[in-house]
Amino acid sequence: MIASEEYTIACNGIKLKDKVKDSRYIELNHDKECDNVNTKINLNNFVSEIFKLDDRLKDLLEMAGYIFAADRKTYRGGPEDLEYHSWARSLNFHFTVRDYDFWTRTDIQNLLKKSLLFMSGDHSYDFNFYKAETDFPTSFFDNENFVMDKPENMKVMLFSGGIDSLSGAIKLLETTDAEICLASHQSGFPGTHTKQNTLFEELKRLYPNRCKHFKYECGLCEQKAKDETQRTRSFLFTSISFAIAHTYGQDKLYVFENGITSLNFAETQDLMNSRTSRTTHPKTIRHLEKLFSAIAERPFKIEHPFLYKTKTDVVEVLKKYDKLELLNNSVSCSETRGKGPMNSHCGTCSQCIDRRFAVYATEVEDYDEQGLYGFDFLKEDLEEGKTIKVLTEYIRMAQNYADSGLEEWYEDRGYELTEIIDYIDGKNPNEKFEKLYDLCIKHSKCIEKAINKMNEKHNPVFSPAKSEKSFFNMIIGSRLYQKEVERESGNGKMEIPTRQLKNLAKKACENLIFEGSITTILKESKTDKTLSKMVTNEIKKKYKMTIKNEKSLSDYFRKLELQLKKDKDKNLIVVANKSR
Amino acid sequence: MGHKRYGYLPKSKIWRDIVDSLGGFALGKIDAVSIAQKTLQNVQKRYSNLENDPSINASFEYLVEVAYAFKQEQPLKYLSEKNILSEKEAFSFFQLVKGVNNYKNNELVSHEYQTFARQAAVDAINNWYKQNIDKGQTLFSNDIDQEAVFRKASNGSGFCELSRLYFSKLTERYLKYFLEREAAIKISNISDRNRFSKEIEKEIDHISKHAFETAKITQSFSAGWYNNHVKDSIPERGEIRHFLNTSFGKMKGELLREEAK
């Protein structure tokens, strides 16, 4: 029996005395009146910035903050576990809430659970609510009599400070005359805050009186997270944006993320179950829409305008509107650990790699290579296994898209598509498949273009030879110039591993029976080598056969070390006998 | 946004040997099937125990339900009553594919196994459907009588191929779950890395054909089991587990046969 790890999380002053000795009992507190403050949730500052927030939204933001903190504080198993059963946790939360009657409704709890389960890949979420005492007003305006100004021409969007949200902001600023509210989550990484703030200042300078920036500070404080992953961050992030949008009378918010990252198809089998994040996955977005609509008590929409765009398309937006000078200040890196103090990007995670290919495909790499990266895979030798893996699998996936027709593409990710198709717009499944397939093909073409550009710039034909461990030789080089050619001419076949000839001969013989090429018992002799020749030809499809191999193979059959027989059901079989 | 939690194999010797073998594949010293055999040896107890997992049982039962439904006069009505099909949508193979996700989804012990189970059932239906449409047609051709195609799954041989595909895909995905974690580290050339995955797929498919067809499990067991147990109703869980036990055993036996000698 494999049980998920069960954690009990008591928040904001709640103490569960019967659980205190349980190693999976966690208390999270942000209120300074509690002893043991270990969580930062700066709700008061946030409320002051937008003047007032109703109780239900305060509850939502507080809960989202605690869920995010608990996500980081609970262990999801290690990457070297044999099977990843610990990845799916059972989290049992105890919250105090202001709008007790609302949160204790079964339908609301189900919406909360649905939203969190898919995005996090966890096993279960359970909620226990307790009535909170009335808040003190956070500002002069935080009272029932104050009526919020609700501007008609306003758009609220998530602003992480990455290329996608930056391009999204510019797109809105360039194509509408709306006031743009940027909603950010800021946790414990000063680098990210600085970049977000810098980008906002730049946007404010470029588009005067058009932008506002709301920041919600929240995360674990004075302790290291147990797990680097933070799958529930998107719940927190969208909740912040929703709270702003709803308070300002808006009925929608914007999430800008390219479709390839949103869909995040798994490159390898072990990445299933949300180990490729589902931050802006269409199913995540639809679940959140339902939850927010229930909280708002009116339809609320989450717009996802870049769903059918690649990362390259997103960089193109910056190029089109002549805002490439901002690229340098945007942060795409998904690593929260192990970056040098001088670099905003590790240069080795999937998002850094994706960014580099996108800027090369857009031919704007000169704007991006100004000391941002801790590791430059185009210039340095690939020593770390992880970097080799990320690069190989990233390009392999793009190549597989390029090599597949619609049908093959569908078959390779049939299960993942069942989780998408009902959550995107379109007349019928076939039309939706085609749109998603076209996106993947477009992505593969961008990667091809980027590789050509990288080769042109860093590995021109007459430049000195690169090290064997360079990206150009290790990952793409031999495929492009050597391997396929060798194999086609028959020189690249594998040698037969030592002591494997007999096994291979038996298997090849079984293949021939299975295919119907051998239908009766054939006997090998010095004058009749029909059987060994057939088997040799079968093996030669994949392996190099030496004359010595061919002779040994004939001997196996002649000396009855391998023998054709019929079993009790009269089926032809191959029997391996011990050598005499 | 867009994080990936990459996995690695354990540090123990048996798994480091597998990693070394992956390096051997890149050098042409060992073939993919030998690596698959070694991997299965390392996890053979877990592999055998998959038959006890409720999600594996549920996903296989789903395939039995589909085959049984098309024995009925009104299969779509039957499937709607079972909440497998939505009456709002016109019938298509993709509806049957999607239905896997909702079938007895509370019967869950491990999310990892549940995903293997669902993936394998989805793969099995997709592959089976593709094999049974006319040549020249594609999965997405509009002029296919899809109900008529699925009628072919309602007899012993149709069911047997559906179940073979299920075990083949489940085994393939389970082995890739381990092997793909470090495959690209040792087989960094993209062409070789692709060849490795393709060879694993081909070999497991071949092994499943051998287990189900050449070894006569199909005719004498699989189809027989279906004809005997899926007459007027869906078989009991015990019967399904017995089928799973035999099939996993055959698959494992076939895959490890060479290695044991």
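Reading the values: rules and limits
Residues numbered from 1 in each chain as written. Chains lettered and ligands numbered in written order. Predicted model: local features only at pLDDT ≥ 70, side-chain atom pairs only at ≥ 80, totals over all residues. Helix = DSSP H or I, 4+ residues; strand = E, 2+ residues; numbered from the N terminus. Contact = placed C-beta atoms within 7 Å. Buried ≥ 20, exposed ≤ 12 C-beta atoms within 10 Å, placed from the backbone. Pairing = 2+ DSSP bridges. Axes fitted to C-alpha atoms, helices over the stretch in contact; angles between N-to-C directions. Parallel < 35°, antiparallel > 145°, perpendicular 65-115°, else oblique. Left-handed = near helix turned anticlockwise from the far one by under 90°. Nonpolar A, V, L, I, M, F, W, Y, C, P; charged D, E, K, R; others polar. pLDDT = per-residue confidence, 0-100. Arc of directions from axis to C-beta. Core = buried A, V, L, I, M, F, W, Y, C linked by C-beta atoms within 7 Å. Domains from an automatic or database assignment.

Visitor: Hey, could you go over the overall build of chain B for me, with residue numbers and the actual values?
Guide: Assigned secondary structure in chain B consists of 12 helices and 0 strands. For chain B, the N- to C-terminal ordering of α and β elements is α-α-α-α-α-α-α-α-α-α-α-α. Across chain B, the fraction of contacts at a sequence separation of at least 24, relative to all contacts at a separation of at least 6, is 76%.

Visitor: Lay out the overall build of chain A in plain terms, naming residues and giving numbers.
Guide: Secondary structure summary: chain A contains 19 helices and 12 strands in total. Referenced to the eigenvectors of the C-alpha coordinate spread, the extents of chain A come out at roughly 105 × 65 × 50 Å. Every one of the 580 residues in chain A was classed for burial, and the buried ones make up 44%. Put simply, of all contacts in chain A between residues at least 6 apart along the chain, 73% involve residues at least 24 apart.

Visitor: So what's going on with unusual backbone geometry? Residues and values would help.
Guide: Not every positive phi belongs to a glycine, and Leu560 of chain A is a case in point at roughly 60°. In this fold, Leu560 of chain A is placed in the loop between α19 (547–558) and β11 (562–566). Here the phi dihedral of Lys104 of chain B falls at roughly 45°; this positive angle occurs in a residue that is not glycine. Considering the arrangement of structural elements, one finds Lys104 of chain B in the loop between α6 (93–99) and α7 (111–132).

Visitor: Give me the lowdown on the pairing of strand β4 (residues 90–97) of chain A, citing residues and values where you can.
Guide: All names here are of chain A. Pairing of strand β1 (residues 6–11) with β4, which is carried by 5 bridges, proceeds in the parallel orientation. Looking at the pairing, Ile9 lines up with Phe93 of β4. Inspection of the sheet shows β4 paired to strand β5 (residues 124–131) by 8 bridges, in the parallel sense. The residue of β5 that forms the bridge with Ser90 is Ser124.

Visitor: Account for the packing of helix α12 (residues 385–403) of chain A against helix α15 (residues 429–458) of chain A, naming residues and giving values.
Guide: Residues and elements named next belong to chain A. Here α12 crosses α15 at 125°, and the two axes come no closer than 8 Å. With respect to their mutual orientation, α12 and α15 come out oblique. In terms of crossing hand, the pair formed by α12 and α15 is left-handed. Of the residues in α15, those in contact with Ile395, Ala398, Gln399, Tyr401 and Ala402 of α12 are Cys440, Ile441, His443, Ser444, Ile447 and Glu448. Partitioning the contact of α12 with α15 into residue classes produces 7 nonpolar, 3 polar and 1 charged.

Visitor: Which residues make up the confidence of the model for chain B, and what values do they have?
Guide: Residues and elements named next belong to chain B. On average, chain B scores 90 in pLDDT, and the residues at 70 or more come to 95%. Across chain B, element-level confidence peaks in α7 with a mean pLDDT of 97 and bottoms out in helix α11 (residues 217–229) with 71. Quick note on the complex model: pTM equals 0.86, ipTM equals 0.95.

Visitor: Run through the confidence of the model for chain A, naming residues and quoting values.
Guide: Summing up the model confidence of chain A, the mean pLDDT is 89 and the portion of residues at 70 or higher is 93%. Every residue in residues 479–490 of chain A is under pLDDT 50, and counting partners more than four places away or in other chains gives 12 contacts.

Visitor: Hey, could you go over the interface of chain B and chain A for me, with residue numbers and the actual values?
Guide: Contact residues are listed per partner, giving 51 residues for chain B and 65 residues for chain A. Only α6, α7, α9 (156–186) and α10 (190–214) of chain B provide two or more residues apiece to the side of chain B that touches chain A. Considering every element that reaches the side of chain B that touches chain A, the biggest residue donor is α7 of chain B, with 8 residues. Split by residue class, the side of chain B that touches chain A holds 16 nonpolar, 17 polar and 18 charged.

Visitor: Explain helix α18 (residues 530–540) of chain A to me, using residue names and the numbers behind them.
Guide: Residue and element names in this part refer to chain A. By the burial criterion, the buried members of α18 are Leu531, Ser532, Val535, Glu538 and Ile539. The arc that holds the buried residues of α18, viewed along the axis, is 120°, so those residues lie on one side. Among the structural elements, α17 (501–515) and α19 are those in contact with the buried residues of α18.

Visitor: Can you tell me about the nonpolar core, naming the residues and giving the values?
Guide: In this structure, Met157 and Ala169 of chain A together with Leu63, Ala121 and Tyr166 of chain B are the most contacted members of the largest nonpolar core, which totals 198 residues. Residue contributions to this core peak at 15 residues, all from α9 of chain B. In terms of domain composition, this core takes at least three residues from each of domain 1 (6–77 + 85–131) and domain 2 (341–492) of chain A. Look past the residues within four positions of Ala169 of chain A in its chain and what remains in contact with it is Met157, Phe159, Ile180, Leu182 and Leu203 of chain A.

Visitor: With reference to specific residues and values, describe the sheet that holds β1 of chain A.
Guide: Residue and element names in this part refer to chain A. Judged by pairing direction, the sheet is parallel, and its 4 strands sit side by side in the order β2-β1-β4-β5 without closing on themselves. Each edge of the sheet is formed by a strand with only one pairing partner; in this case those strands are β2 (25–28) and β5. Mean inter-strand twist for the sheet, computed between neighbouring axes without regard to direction, equals 20°. Strand contacts of helix α2 (residues 55–73): β1, β2 and β4, with the helix running at about 135° to β2, the strand carrying the most contacts.

Visitor: Before we move on, could you go through the environment of Leu382 of chain A and cite the residues and values that matter?
Guide: Considering the arrangement of structural elements, one finds Leu382 of chain A in the loop between α11 (350–361) and α12. A C-alpha to C-alpha distance of 43 Å links Leu382 of chain A and Lys212 of chain A, two positions 170 residues apart in sequence.

Visitor: Describe the domain arrangement of chain A, listing the residues and the values that go with them.
Guide: Quoted interface sizes are often the accessible area lost when the parts come together. Domain annotation for chain A reports domain 1 (6–77 + 85–131), domain 2 (341–492) and domain 3 (501–576). Just the C-alpha atoms count here: the centres of domain 1 of chain A and domain 2 of chain A sit 39 Å apart.

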